[in-house]
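# Residue-level structure breakdown
Here is what each chain is made of, one letter per residue.
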Amino acid sequence: MARQHQEFQQGLSQGVSGDLPGEELFSEDRPDPVAPGGSILFALPGILVDWDLRRALIGQYPDGVVDMVLDPDDPWGFACVSKQINLGVDPQQALADYETTHGPAVAWVVRVCLENYTLAVKGLLPGASDLLKNLRRAGLTLWGLAATTSQLTEAASEALLPLSALKGALISSQEHLDLSDPLFYRLALRRFAISPRHTIFVDMDSEHVAMADRLGMEGIVARDISSLRQLLRQRGIAC
């Protein structure tokens, strides 16, 4: 298992380190040399990972407190803390920023949430692992854009082991970019040396998919594994 975890980490880090190539390594008039069968770029955790942040706090605090801390409409709430950390900000600094608006008592709840962060990751969603295997069997090369930290992926490596099917992934905290920034997508195309013309981008967020479309990729908005499989089959992909 230790060897598998090491392989998982190597798979995620491939394409993350190293300098950007000076020139594009793909040609628009032929399949990509790195991904001759075409590529699929998955937003992570997105549609693949069973991710629920409430698991980090359920049983520790009443539901009302959990709802308050995780309120998505709070502009300076946990979503702001999470975004800072995913962009590479030190968690202690993000907590200090949160405390200035919410006070020390509520900030302590957020601290507990961060300490239990890996509990939010249950594993891959049902059917995701088989889908990845089938896509690789069909000749697709799989990549990831991960809105997370390398520490979290390492801590959750056993639960996320099937993601070793990805040839590489860019991690937001290492690149100081996230899925709201088109540079994150451009960086993935260049770092992986793949062509947007031969790349499908998959996410649950229609705004992210629209951004990938604008960059020349074929974006797919999918809500679950079943709908994703159907949409891919409509494009002639055996999965």
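Attention in this report is confined to the structure presented alongside it. (Residues numbered from 1 in each chain as written. Predicted model: local features only at pLDDT ≥ 70, side-chain atom pairs only at ≥ 80, totals over all residues. Heavy atoms only, no water.)

The next thing to look at is the sheet that holds strand β5 (residues 168-171). One open sheet accounts for five strands, arranged β5-β4-β1-β6-β7; its pairing is parallel. Only two strands of the sheet have a single partner each, and these edge strands are β5 and β7 (218-221). Ignoring which end each strand starts from, the neighbouring axes of this sheet average 20 degrees apart. In the sheet, strand β1 (residues 39-44) pairs with strand β6 (residues 199-203) via four bridges, with the strands oriented parallel. The partner of S39 across the bridge, within β6, is T199. Helix α8 (residues 182-192) rests against β1, β4 (141-146), β5 and β6 of the sheet, and its axis sits at about 145 degrees to β5. (Pairing = 2+ DSSP bridges. Helix = DSSP H or I, 4+ residues; strand = E, 2+ residues; numbered from the N terminus. Axes fitted to C-alpha atoms, helices over the stretch in contact; angles between N-to-C directions. Contact = heavy atoms within 4.5 Å.)

Another aspect to go through is the nonpolar core. Counting residues in hydrophobic clusters, the biggest one holds 30 residues, and the most contacted among them are I40, F42, L48, L135, L163, L228 and L232. Elements with a minimum of two residues in this core: β1, β3 (121-124), α5 (128-137), β4, β6 and α10 (225-234). The element that contributes the greatest number of residues to this core is α5, accounting for four residues. The residues contacting L135, other than those within four sequence positions of it, are I40, F42, L140, L142, L232, I237 and C239. The next biggest cluster of nonpolar side chains, apart from the first, holds 22 residues, and it includes I85, V106, A120 and L152. (Core = buried A, V, L, I, M, F, W, Y, C linked by side-chain atoms within 4.5 Å. Buried < 20%, exposed > 50% of the residue type's maximum accessible area, 1.4 Å probe, protein only.)

Summarising the element assignment, Q93 is placed in helix α4 (residues 91-115). On the basis of relative accessibility, which here comes to 41%, the residue Q93 falls in the partly exposed class. Once the C-alpha coordinates of Q93 and V81 are considered, the two residues, 12 residues apart in sequence, prove to be 9.3 Å apart.

The next point concerns helix α3 (residues 78-86). Considered for burial, the residues of α3 that qualify are F78, V81, S82, Q84, I85 and N86. Buried positions along α3 lie against α2 (63-69), α4 and α7 (172-175). Downstream of α3 by a residue or two, G88 has a phi angle that is positive, lying close to 100 degrees.

Another point: unusual backbone geometry. Residue P45 follows L44 across a cis peptide bond; omega there is 5 degrees. Tracing the backbone shows P45 in the loop between β1 and β2 (49-51). Even without a glycine there, the phi angle at H176 is positive, about 60 degrees. Summarising the element assignment, H176 is placed in the loop between α7 and α8. Although it is not a glycine, A193 sits at a positive phi angle of roughly 55 degrees. Looking at the element boundaries, A193 is found in the loop between α8 and β6. The class for A193 is buried, based on a relative accessible area of 5%.

Bear in mind that shape data such as this cannot, by itself, settle questions of function.
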